[in-house]
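Per-entry structural report
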Amino acid sequence: MTLYWTLAMLLIFAQIGRGETAEQVHKQLEDAAAAKGTLYTTSRNALVNLGSNAVPRLVEISANANEPWQVRLMAGIVAERIQRPAEIASLTQTNWHEDPEYNTDWDRNREGPVLGLAPLVTKRYREKTLWWSYMELIWKETGEHSHNPKMHEWAWRGIARQACENCSTYDLLVKVLEERIRADVEFKNRERWGEFEFLLNSKTNTPLPFLLEIIPLAPVKNPEVTLRKAIQNMAQPEDASLIEKHYTDKGQDIPAMLREPLRHLKERQNRSAAVP
């Protein structure tokens, strides 16, 4: 057994490249994930410089649900940059005026081309499937996108967000948006509203625990109506106990407006349990 584990560790170390151990690479990922601005890009690029030998280990970390989400996301970002550098570079180099579907009438709009261009860029982003880079654009606000034509930074982040809807790494996108909303729970930045609505309209129940927590704190006009919408949109029968526990842990009664959708969830759960 000792020989087996020795060989296994040697294999991992051989995959890392440049002599770094698995522990050292993990620490670099943690440091990069915590960094901002130029320190972030410098830390990320140092990891990218590990090269292709590091990719198997990075992919393994990115898929490991036991890792902190920030480390998983950082590992995926680095692996994608090592594997697909030219495609990622094209995100910043594209002149969208040259896209065959670009409509020059968009330039005449008072607010600029954003309303017409955003759906086109979203479609192209989905075609490229660079999910990790899109999430990085939102998470670290790197500004690594095209600047032709010029649009507000929030518009590019919104495009990246929409492109990742229902993507394979959606669970990590939810974590990114949760972090951003928690840091600005009063929604002083108008961008929070777009991020909040994105989670509220999710096609899966992944954001539900966060929405139960944050809706009463956010500046929404009617929190109970908003909570009801979230439960009706995304909750699954198995979420009934999660919702009840949320209020029990707070020592609160379930709001009257939520009792009916909660009852429907329980009925669905009971019907499912009754099927042989």
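What you see as residue numbers is a count from 1 along each chain, following the sequence as written. The model is predicted, so local features are restricted to residues of pLDDT at least 70 and side-chain atom pairs to those at 80 or more, both for listing and for counting; the totals for chains, interfaces and linings are taken over all residues. Water and hydrogen atoms play no part in the side-chain values, which are based on all heavy atoms of the structure.

Remarks on the overall build of the protein chain
Rules: To qualify as a helix, a DSSP run of H or I must reach at least 4 residues; to qualify as a strand, a run of E must reach at least 2; elements of each kind are numbered from the N terminus. Pairs of residues are marked as contacts when any of their non-hydrogen atoms sit within 4.5 Å. A 1.4 Å probe and the Shrake-Rupley method give the accessible areas. Residues count as covered only by the protein chains that appear here.
Counting its secondary structure elements, the protein chain contains 15 helices and zero strands. Projected onto its principal axes, the C-alpha coordinates of the protein chain cover approximately 70 × 60 × 40 Å. Look at the contacts in the protein chain between residues 6 or more apart in sequence, and 67% of them connect residues 24 or more apart. Accessible surface, the protein chain: about 14700 Å² in total, of which carbon and sulfur atoms supply 52%.

Examining the pattern of salt bridges
Definition in use: What counts as a salt bridge is simple: a side-chain nitrogen of Lys or Arg found within 4 Å of a carboxyl oxygen of Asp or Glu.
In total, this model carries 30 salt bridges according to the counting rule given. Among the ionic pairs, glutamate 136 bridges to arginine 44, the shortest N-O distance being 2.7 Å. Here the residue glutamate 136 occupies a position in helix α8 (residues 131-139), and arginine 44 occupies one in helix α3 (residues 37-48), the gap between them amounting to 92 residues. With its nearest N and O atoms 3.7 Å apart, the salt bridge here joins arginine 182 to glutamate 178.

Topic: the nonpolar core
This is how it is decided: Residues grouped as a nonpolar core are buried Ala, Val, Leu, Ile, Met, Phe, Trp, Tyr and Cys residues, joined through side-chain atoms within 4.5 Å. Relative accessibility decides the category of a residue: with a 1.4 Å probe and only protein chains considered, values under 20% of the type maximum give buried, values over 50% give exposed, and everything between is partly exposed.
Counting residues in each nonpolar core, the largest one holds 81 residues, and the members touching the most others are Leu29 and Leu211. For this core, the leading source of residues is helix α5 (residues 69-83), giving nine residues. Excluding its chain neighbours within four sequence positions, the residues that come into contact with leucine 211 are Phe196, Leu199, Leu200, Pro216, Leu227, Ala230 and Met234.

Remarks on the environment of arginine 192
You can see arginine 192 is positioned in helix α11 (residues 191-200). The spatial distance from the C-alpha of arginine 192 to the C-alpha of leucine 177 is 8.7 Å, given a sequence separation of 15 residues. Once residues within four sequence positions are removed from consideration, arginine 192 is found in contact with Arg180, Ile181, Asp184 and Phe187.

Observations concerning the packing of aromatic side chains
Filter applied, for reference: Any two of the Phe, Tyr and Trp rings considered here, Trp counted by its six-membered ring, make a pair once their centres fall within 6.5 Å; the pair's planes then place it as stacked at under 30 degrees, edge-to-face at over 60, or tilted in between.
As enumerated under the stated definition, the model contains eight aromatic pairs in all. Where tyrosine 170 meets phenylalanine 198, the ring centres are 6.2 Å apart and the plane angle is 45 degrees; that geometry is what we call tilted. Remark: phenylalanine 198 occurs in helix α11 and tyrosine 170 occurs in helix α10 (residues 170-182); sequence separation between them is 28 residues. With a relative accessible area of 7%, phenylalanine 198 lands in the buried category. With a centroid separation of 5.7 Å and an interplanar angle of 65 degrees, the aromatic rings of phenylalanine 187 and phenylalanine 196 are classed as edge-to-face. For the residue pair phenylalanine 187 and phenylalanine 196, the accessibility class agrees, reading buried in each case. Members of the aromatic cluster, each reached through a chain of ring pairs, are Tyr125, Trp131 and Tyr134.

Brief notes about the side chain of serine 133
Mapped onto the fold, serine 133 is located in helix α8. Relative accessible area serves as the criterion here: at 8%, serine 133 is assigned to the buried category. Non-local contacts of serine 133, meaning those with residues more than four positions away in its chain, are made with Glu80, Ile88 and Leu91.

Here's the deal with α11
Of all the 10 residues making up α11, seven are buried; the element is thus mostly covered by neighbouring parts of the structure. The set of residues buried in α11 consists of Glu191, Arg192, Glu195, Phe196, Phe198, Leu199 and Leu200. At its buried positions, α11 is contacted by α9 (153-163), α10, α12 (208-214) and α13 (223-234).

Here's the deal with the state of the cysteines
Stated formally: Throughout, disulfides are identified as pairs of cysteine sulfur atoms within 2.5 Å of each other.
Under the counting rule described, the total for this entry stands at zero disulfides. Summary of cysteine pairing: cysteine 164 is not part of a disulfide, and the nearest cysteine sulfur, belonging to cysteine 167, is at 4.3 Å. Note on cysteine 164: relative accessible area 0%, which makes it buried.

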